[in-house]
Amino acid sequence: MTQQVKRAFKYRFYPTDEQAAELSRTFGCVRLVYNRALEERTRAWYVEQRRVSYVQSSAALTEWKKTDELAFLTEVSSVPLQQALRHLQTAFANFFAKRAKYPRYKSRKKSRASAEYTRSAFKWQGGRLTLAKMAEPLDIRWSRPLPEGAEPTTVTVSRDAAGRWFVSLLCEDGIAPAPATTAAVGIDAGVTSLVTLSTGEKVANPKHERRDRARLARAQRELSRKAKGSANREKARRRVAKVHARIADRRRDFLHKLSTRLVRENQTVVIEDLTVRNLLKNGKLARAISDAAWTQLRSMLEYKCAWYGRELVVIDRWFPSSKLCGACGTVREGLPLNVREWTCDCGTTHDRDVNAARNTLAAGLAASACGDGVRPQRESSRTGRSSVKQETQRATAGIPRL
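Rules behind the numbers
Residues numbered from 1 in each chain as written. Predicted model: local features only at pLDDT ≥ 70, side-chain atom pairs only at ≥ 80, totals over all residues. Heavy atoms only, no water. Pairing = 2+ DSSP bridges. Helix = DSSP H or I, 4+ residues; strand = E, 2+ residues; numbered from the N terminus. Salt bridge = Lys/Arg side-chain N within 4 Å of Asp/Glu carboxyl O. Buried < 20%, exposed > 50% of the residue type's maximum accessible area, 1.4 Å probe, protein only. Patch = residues over 30% accessible without salt bridge, like charges linked within 9 Å, V, L, I, M, F, W, Y side chains within 5 Å. Areas by Shrake-Rupley, 256 points an atom, 1.4 Å probe, with all protein chains shown as cover. Lys, Arg positive; Asp, Glu negative; His and termini not counted. Charge placed at Lys NZ, Arg CZ, Asp CG, Glu CD. Axes fitted to C-alpha atoms, helices over the stretch in contact; angles between N-to-C directions. Contact = heavy atoms within 4.5 Å. Phe/Tyr/Trp six-rings, centres within 6.5 Å; stacked < 30°, edge-to-face > 60°. Lys NZ or Arg CZ within 6 Å of the ring centre and 35° of its normal. Expected span 1.5 Å × (residues − 1). Parallel < 35°, antiparallel > 145°, perpendicular 65-115°, else oblique. Left-handed = near helix turned anticlockwise from the far one by under 90°. Domains from an automatic or database assignment. UniProt positions renumbered as here; feature names shortened; annotations may be inferred. Polar contact = N/O pair within 3.5 Å; in protein donor to acceptor, adjacent residues only side chain to side chain. Nonpolar A, V, L, I, M, F, W, Y, C, P; charged D, E, K, R; others polar.

What follows is about the sheet that holds strand 6 (residues 154-159). By definition, the strands of a sheet pair up through backbone hydrogen bonds, in either a parallel or an antiparallel sense. Spatially, five strands are ordered 2-6-7-1-5 in an open sheet, and the strand pairing comes out antiparallel. Whereas interior strands pair on both sides, the edge strands pair on one side only; in this sheet they are strand 2 (113-118) and strand 5 (140-141). Sheet analysis places strand 1 (residues 3-13) next to strand 7 (residues 165-175), joined by ten bridges and oriented antiparallel. Paired with Gln 4 across the bridge in strand 7 is Gly 174.

What follows is the structure, encoded as C-alpha cells:
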C-alpha cells in the first residue's frame, strides 16, 4: 500500500545579480531576527525569570520593524523572518525536552545561509518557481523530475560555503513498499572496509577525504598566506570550501547508493548502536572515522527502511560482536584492533569483521523476535562466557552458516 510522505527535492540554481542581492539581504535579516529573538529570550529568563513564547517573539518582530534601526527588515519578505522565529521555537522545545543543547547564535561566517518560504511567499506555476519580492522565476537545473502532480508546500533557499545556490522543494510523494523478501543482513561498520556484511562481502571504503587530502592541504596553505579581510583571502577560502564540497558530495552519493542497495535486497537490516561522538575522541582514528560517515549511513538506513517497509534493528553498543565466537558462544577476553583474524578455543578461525557482522545479525534477529534490544550482562572473569552465549545460540539455531 502506497504511503504518503513529505519528501524534499534539492536542486541547484543560478540566480541573477538582482536575485542574489535580494537573497543575500534575506539571509542577513533571517540571521539577525533569529539572534535578536534568542538574545531577548535569554535576557527575559535570566533577568526576569520569564519565558518568551513564539507569539510574543512575533509581536516583538513587528515592533522592531517600526524602529529606525531595524526598518530595513521591511525590505525583505516577512515569511522567512517568521519562519526563523518558528525554528527558534523548535530549538527551545528540543532543549527543554533534553533532545538538544541550548540554542546558539547564528554566525555570519560559519552558519548555513538559508531562508524558508511557505506557500504564501512563492508562486509555483507551470513548473516555474518565483519567490516573493522577485520579478523573475529562479533558473533551476532540474536534475530529476518532481513527483507527478506534486506542488511544493515549502521552499528553502540556501547558499553553501563554496558559493553554490540550492533550492529545496518539500512535496507530498507517494512511496510504494519494496517487494517482500526473506533476506536479512547484519552490518559491521569499519575503517578499512566501510561495512562488512554477514554474507561475507566487504564493501571497500572509498576514503574520499584521503583521496583529496593533498589538494585540500594545498588550498589551506594558500589560504593561510592571504591577508585577513582581503579579496584574495575570500577567493582562497572559496577554493577550500569547494574541495570540502567535492568530498561531501562524493561521500553522500556513495552512501545513498549503498544504503538503497541494502534496503532493497533485505527485509531486515541489523546495525550496531555506535557512539561516534565518543569514538572521535581517539586521536589516531578520528579522521578516518569522520571520513567513513557512519552516522550519515545510519540516518539513510533509518528513513529508507521506514519508507520501503523494511525493518531496521539496532543492537546494544556493548554487545561483544567482534569477540564472540559464532560457533561455540565463547567471548574472548581481549581483541586488539590490529588483530584481524583470530582462532577460538573450539578451533574455529574467524575473520574479525565477518564474524562481527554474523553475530550482529544473529543478535538482531533475536532482539526482533522478542521486541527488545540486546543488552548482555558483563562477562564472567572466571569462564570468559556470558548470557550472550545462550541468546546467540538460540538465535542462530536452524540458521545455516554463510
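Moving on, we get to the pattern of salt bridges. For the coordinates displayed, the defined rule picks out 28 salt bridges. The closest approach of N and O atoms between Arg 237 and Glu 234, which form a salt bridge, is 2.8 Å. With Arg 237 and Glu 234 both in helix 6 (residues 231-265) and three residues apart, this pair spans about one turn of that helix. Using a relative accessible area of 30% as the deciding quantity, one classes Arg 237 as partly exposed. Salt-bridge contacts for Asp 273 lead to Arg 298; the nearest nitrogen and oxygen are separated by 2.8 Å.

Attention now goes to a positive patch on the surface. A grouping of Arg 211, Arg 215, Arg 218, Arg 221, Arg 225 and Arg 250 is seen on the molecular surface, where their side chains present a positively charged patch. Considering every element that reaches the positive patch, the biggest residue donor is helix 5 (residues 213-224), with three residues. Counting through the fold element by element, Arg 218 comes out in helix 5. Of the residues examined, Arg 218 reaches a relative accessible area of 42% and is grouped as partly exposed.

The next thing to look at is the sheet that holds strand 9 (residues 193-197). What the five strands build is an open sheet, ordered 10-9-8-11-12; its pairing is mixed. If you trace the sheet from one side to the other, it starts and ends with strand 10 (202-204) and strand 12 (311-315), each paired once. Mean inter-strand twist for the sheet, computed between neighbouring axes without regard to direction, equals 25°. As paired elements, strand 9 and strand 10 share three bridges and run antiparallel to each other. Bridging across to strand 10, Ser 193 finds its partner in Ala 204. The strands that helix 6 touches are strand 8 (184-189), strand 9, strand 10 and strand 11 (268-272); relative to strand 9, the one it contacts most, it runs at about 0°. Set on the sheet, helix 9 (residues 294-307) makes contact with strand 8, strand 9, strand 11 and strand 12; between it and strand 11 the angle comes to about 150°.

Let's shift gears to the packing of aromatic side chains. Counted under the stated rule, the structure contains ten aromatic pairs. Ring geometry for Phe 92 and Tyr 102: centres 5.4 Å apart, planes at 90°, overall edge-to-face. One end of the pair, Phe 92, is in helix 3 (residues 78-96); the other, Tyr 102, is in the loop between helix 3 and strand 2, with ten residues separating them in the sequence. On the basis of an interplanar angle of 65° and a centroid distance of 4.9 Å, the ring pair of Tyr 303 and Trp 307 is categorised as edge-to-face. Here Trp 307 and Tyr 303 lie together in helix 9, a separation of four residues that amounts to about one turn. Every member of this aromatic cluster is reached through a ring pair, and the members are Phe 92, Phe 95, Phe 96 and Tyr 102. Above the ring of Phe 166, the side-chain terminus of Lys 10 is found at 4.8 Å from the ring centroid. One cation-aromatic arrangement involves Arg 51 over Trp 45; the distance from NZ or CZ to the ring centre is 5.9 Å.

Our next topic: helix 3. Between its terminal C-alpha atoms helix 3 stretches 28 Å, which fits the 27 Å expected from 19 residues at 1.5 Å a residue. Along helix 3, the residues that are buried comprise Val 79, Pro 80, Leu 81, Gln 82, Gln 83, Ala 84, Leu 85, Leu 88, Ala 91 and Phe 92. One or two positions beyond helix 3, positive phi appears at Lys 98, with a value near 65°.

Any two packed helices are characterised by how steeply their axes cross, that is the angle between the axes, and by the distance between the axes. Running from N to C, helix 1 (residues 17-48) and helix 3 point in directions that differ by 40°, and their axes come no closer than 9 Å. Considering their axes alone, helix 1 and helix 3 lie oblique with respect to each other. For the element pair helix 1 and helix 3, the recorded crossing hand is right-handed. For the pair formed by helix 1 and helix 3, the contact residues are Thr 26, Cys 29, Val 30, Val 33, Tyr 34, Ala 37, Leu 38 and Arg 41 on the first element and Pro 80, Leu 81, Ala 84, Leu 85, His 87, Leu 88, Gln 89, Ala 91 and Phe 92 on the second.

Looking at the protein chain, the domain boundaries give domain 1 (3-175) and domain 2 (184-204 + 259-370). Between domain 1 and domain 2, the C-alpha centre-to-centre distance is 38 Å.

Turning our eyes to something else, we now look at the side chain of Ser 58. Considering the arrangement of structural elements, one finds Ser 58 in helix 2 (residues 54-65). Take Ser 58: its relative accessible area is 17%, and that puts it in the buried class. Once you skip the residues sitting within four places of it in the chain, Ser 58 turns out to touch Gln 82 and Leu 85.

Another point: the UniProt feature "domain: Cas12f1-like TNB" (unreviewed entry) in the protein chain. As annotated by UniProt and renumbered to match this structure, "domain: Cas12f1-like TNB" (unreviewed entry) occupies residues 294-359. Between the C-alpha atoms that bound residues 294-359 there is a distance of 19 Å. The span itself is 33% helix and 17% strand.

Relative to the elements of secondary structure, Arg 7 occurs in strand 1. There is a polar contact of 3.0 Å between the side chain of Arg 7 and the side chain of Asp 173.

For the rest of this paragraph, the subject is the UniProt feature "domain: Probable transposase IS891/IS1136/IS1341" (unreviewed entry) in the protein chain. The UniProt entry lists residues 176-282 under the feature "domain: Probable transposase IS891/IS1136/IS1341" (unreviewed entry), expressed in the numbering used here. For the annotated span residues 176-282, helix accounts for 51% and strand for 18% of the residues, and the straight-line distance between the end C-alpha atoms is 42 Å.

We now examine the packing of helix 5 against helix 6. As a packed pair, helix 5 and helix 6 sit with axes 9 Å apart at the nearest point and diverge in direction by 160°. The pairing of helix 5 with helix 6 is recorded here as roughly antiparallel in orientation. In this structure, helix 5 crosses over helix 6, and the sense of that crossing is left-handed. On helix 6, the residues that touch Arg 215, Leu 216, Ala 219, Gln 220, Glu 222 and Leu 223 of helix 5 are Arg 233, Ala 236, Arg 237, Arg 239, Val 240, Val 243, His 244 and Arg 246. Here the residues of the contact of helix 5 with helix 6 are counted per class, giving six nonpolar, two polar and six charged.

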